[in-house]
Amino acid sequence: MGIEAALPAEGILTTQLQKVINWSRRSSVWPMPFATACCGIELMATASSRYDLARFGAEVMRFSPRQADLMIVAGRVSVKMLPVLQRIYQQMTEPKWVLSMGACASTGGVFDTYATVQGIDQFIPVDVYVPGCPPRPETLIEGIMAIQRIIDNDGIPPTGPDGLRRPLNITVEPTHTVGSQPTSLTVGQS
Ligand code: SF4
């Protein structure tokens with residue numbers, strides 16, 4: 001059912017321009033997938049038919065940073081790759097948002113080595129952290145919805161008194177319940 005079913009065909013709606021702008025922006029978030037490892041596969045699953053990210057208007061992955069407003073970092077980032085991450089972030093146009101997907105992007109995960117960045121938030125402002133290794137698609141969707149709620153309420157990303165971008169540092173809680181294993185399953189027995 002569209003809005004035309006609830007209103008007469010010649011009807012007129014009055015609202016605030018800022019609300020329309022926010023509604024448009026949150027309904028057309030275009031992600032820039034910076035997928036470097038296994039979390040990227042879960043990101044692909046989120047966009048596919050079962051989870052259908054298109055329901056939230058956020059399935060249009062853009063591989064040109066100038067056409068994207070949500071960077072999703074999915075996977076570990078090596079020190080050698082870090083300048084590329086920063087360059088792509090800088091090339092994205094404002095207003096832009098950053099979502100850190102998975103343990104590796106947020107903390108380095110199990111890769112506690114000198115070659116792996118121990119958290120991208122040391123180098124770019126992260127708005128939403130999505131926990132997991134990998135996060136399930138439901139959790140990633142929850143993270144994207146958190147961004148949408150911010151856009152709905154506040155419009156543009158906040159800046160601090162120094163004029164620099166202020167990261168929002170929101171952490172998503174997993175929303176799914178884990179299903180039990182099949183009870184008839186036996187391992188190593190015929
Ligand atoms: S958090 Fe886990 S699933 Fe995601 S990139 Fe790291 S090791 Fe892979």
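Quick notes on the rules
Residues numbered from 1 in each chain as written. Predicted model: local features only at pLDDT ≥ 70, side-chain atom pairs only at ≥ 80, totals over all residues. UniProt positions renumbered as here; feature names shortened; annotations may be inferred. Buried ≥ 20, exposed ≤ 12 C-beta atoms within 10 Å, placed from the backbone. Contact = placed C-beta atoms within 7 Å. Core = buried A, V, L, I, M, F, W, Y, C linked by C-beta atoms within 7 Å. Helix = DSSP H or I, 4+ residues; strand = E, 2+ residues; numbered from the N terminus. Pairing = 2+ DSSP bridges. Axes fitted to C-alpha atoms, helices over the stretch in contact; angles between N-to-C directions. Near = placed C-beta within 6 Å. Nonpolar A, V, L, I, M, F, W, Y, C, P; charged D, E, K, R; others polar. Parallel < 35°, antiparallel > 145°, perpendicular 65-115°, else oblique. Right-handed = clockwise from strand over helix to strand, strands pointing away.

## A short note on the UniProt feature "binding site: [4Fe-4S] cluster" (unreviewed entry) in the chain
Moving on, step 1. Sequence positions flagged by UniProt for "binding site: [4Fe-4S] cluster" (unreviewed entry) are, in local numbering, Cys-38, Cys-39, Cys-104 and Cys-133. Taken together, the annotated residues stretch across 96 residues yet fold into one region, lying no more than 9.9 Å apart by C-alpha.
Moving on, step 2. Exposure remark for Cys-133: the 12 C-beta atoms within 10 Å place this residue in the exposed category.
Moving on, step 3. Cys-133 has contacts with Gly-102, Ala-103 and Gly-109, leaving out every residue within four places of it along the chain.

## Some points on the nonpolar core
Moving on, step 1. Core analysis: the largest hydrophobic core is formed by 37 residues, its most contacted members being Leu-70, Met-71, Ile-72, Val-73, Leu-99, Met-101 and Ile-147.
Moving on, step 2. Here the element with the most residues in this core is helix H5 (residues 137-154); it accounts for seven residues.

## As for the sheet that holds strand S5 (residues 170-171)
Moving on, step 1. In space, the five strands of this open sheet follow the order S1-S2-S3-S4-S5, with parallel pairing throughout. Only two strands of the sheet have a single partner each, and these edge strands are strand S1 (31-35) and S5.
Moving on, step 2. Summarising the sheet, S1 and strand S2 (residues 70-74) pair through five bridges and their orientation is parallel. When the bridges of S2 are listed, Met-32 appears paired with Met-71.
Moving on, step 3. Sheet contacts for helix H2 (residues 39-47): S1, S2 and strand S3 (97-101); angle to S1, the most-contacted strand, approximately 150°.
Moving on, step 4. Sheet strands in contact with H5 are S2, S3, strand S4 (128-130) and S5, and its direction is about 170° off that of S4.

## Digging into the site of the ligand
Moving on, step 1. Around the ligand, the structure places Ala-37, Cys-38, Cys-39, Gly-75, Arg-76, Gly-102, Ala-103, Cys-104, Gly-109, Cys-133 and Pro-134.
Moving on, step 2. Counting residues per element, the shell around the ligand draws most heavily on helix H4 (residues 102-107), which supplies three residues.
Moving on, step 3. In terms of residue class, the shell around the ligand is made up of seven nonpolar, three polar and one charged.

## Some thoughts on the UniProt feature "domain: NADH:ubiquinone oxidoreductase-like 20kDa subunit" (unreviewed entry) in the chain
Moving on, step 1. Per the UniProt entry, the sites bearing "domain: NADH:ubiquinone oxidoreductase-like 20kDa subunit" (unreviewed entry) are residues 38-147 in this numbering.
Moving on, step 2. For residues 38-147, helix accounts for 33% and strand for 12%, while the C-alpha atoms at its two ends are 23 Å apart.

## Overview of the packing of H2 against H5
Moving on, step 1. Following both chains from N to C, one finds H2 and H5 inclined at 75°, their axes separated by 9 Å at the closest point. As the angle between them shows, H2 and H5 are arranged roughly perpendicular. Within the contact between the two elements, H2 uses Glu-42, Leu-43, Ala-45 and Thr-46 and H5 uses Pro-137, Leu-140 and Ile-141.
Moving on, step 2. Broken down by class, the residue content of the contact of H2 with H5 amounts to five nonpolar, one polar and one charged.

## Focus on the pairing of S3
Moving on, step 1. Among the five residues of S3, five are classified as buried, and the element is accordingly described as predominantly covered.
Moving on, step 2. Alternating residues of S3 divide into Trp-97, Leu-99 and Met-101 and Val-98 and Ser-100, and every residue in both groups is buried.
Moving on, step 3. Pairing between S2 and S3: five bridges, direction parallel. In the strand pairing of S3, Leu-70 is matched with Trp-97.
Moving on, step 4. For the crossover from S2 across helix H3 (residues 82-91) to S3, the handedness is right-handed.
Moving on, step 5. In this structure, S3 lies alongside S4, joined through three bridges in parallel fashion. When the sheet's bridge partners are listed, Met-101 is paired in S4 with Val-130.
Moving on, step 6. Handedness of the crossover joining S3 and S4 through H4 is recorded here as right-handed.

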